[in-house]
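Chain by chain, the residues run as shown.
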Amino acid sequence: ISPFNKDNLAFLYFLINKIDFSKYISGGAIPHIYFKDYSKEIIKIPSPPEQQKIANTLSTLDNLIEAQNQKIAQLKQHKKALMQQMFVSNEVGA
């Protein structure tokens, strides 16, 4: 996919991820979609400056989500280590 005119590529990425392509799936053994079907999808695209604002906001939110996911993973590791220490301490003291 290539941006048309001055369309923001990051904005287009977020926009495409929002489209529900499942309604265009056809085929049984090997599901596929055809351009002739989803090319009729009507999408309103804002001006390039507005696209930039939207893309920046969504990118910032994605970065915050990723940072929170990393914190969650670290906390899970910390919890796991504490649980292991708790059971090791009980076995040693028993």
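Cut-offs applied
Residues numbered from 1 in each chain as written. Predicted model: local features only at pLDDT ≥ 70, side-chain atom pairs only at ≥ 80, totals over all residues. Heavy atoms only, no water. Phe/Tyr/Trp six-rings, centres within 6.5 Å; stacked < 30°, edge-to-face > 60°. Buried < 20%, exposed > 50% of the residue type's maximum accessible area, 1.4 Å probe, protein only. Helix = DSSP H or I, 4+ residues; strand = E, 2+ residues; numbered from the N terminus. Salt bridge = Lys/Arg side-chain N within 4 Å of Asp/Glu carboxyl O.

K.L.:
Where do I start with the packing of aromatic side chains in this structure?
P.N.:
When we look at a pair of aromatic rings, we describe it by the centre distance and by the angle of the planes. Taken as a whole and judged by the stated rule, the model has three aromatic pairs. Look at Tyr13 and Phe14: their rings are 5.5 Å apart centre to centre, the planes differ by 65 degrees, and that puts the pair in the edge-to-face class. A residue is classified by how much of its surface remains accessible, and Tyr13, at 53% relative accessible area, is exposed. Judged by centre distance (5.5 Å) and plane angle (85 degrees), the ring pair of Phe21 and Tyr38 falls under edge-to-face. In this pair, Phe21 is assigned in the loop between helix H1 (9-18) and helix H2 (35-38) and Tyr38 in helix H2, connecting sequence segments 17 residues apart. By relative accessible area, Tyr38 is classed as partly exposed at 29%. Every member of this aromatic cluster is reached through a ring pair, and the members are Phe21, Phe35 and Tyr38.

K.L.:
What is the right way to read the pattern of salt bridges from this model?
P.N.:
Should their charged atoms come close, side chains of opposite charge can pair. The full count for this structure, using the stated rule, is two salt bridges. Ionic pairing is found between Glu41 and Lys23, a salt bridge with its closest N-O pair at 3.8 Å. Residue Glu41 is found in the loop between H2 and helix H3 (48-93), and its partner Lys23 is found in the loop between H1 and H2; the two are separated by 18 residues along the sequence. Residue classification places Glu41 among the partly exposed positions, given a relative accessible area of 24%. Judged by relative accessible area, which is 53%, Lys23 ranks as exposed. The shortest N-O distance in the salt bridge between Asp37 and Lys36 comes to 3.3 Å. Look at Lys36 and you get exposed, because its relative accessible area is 53%.

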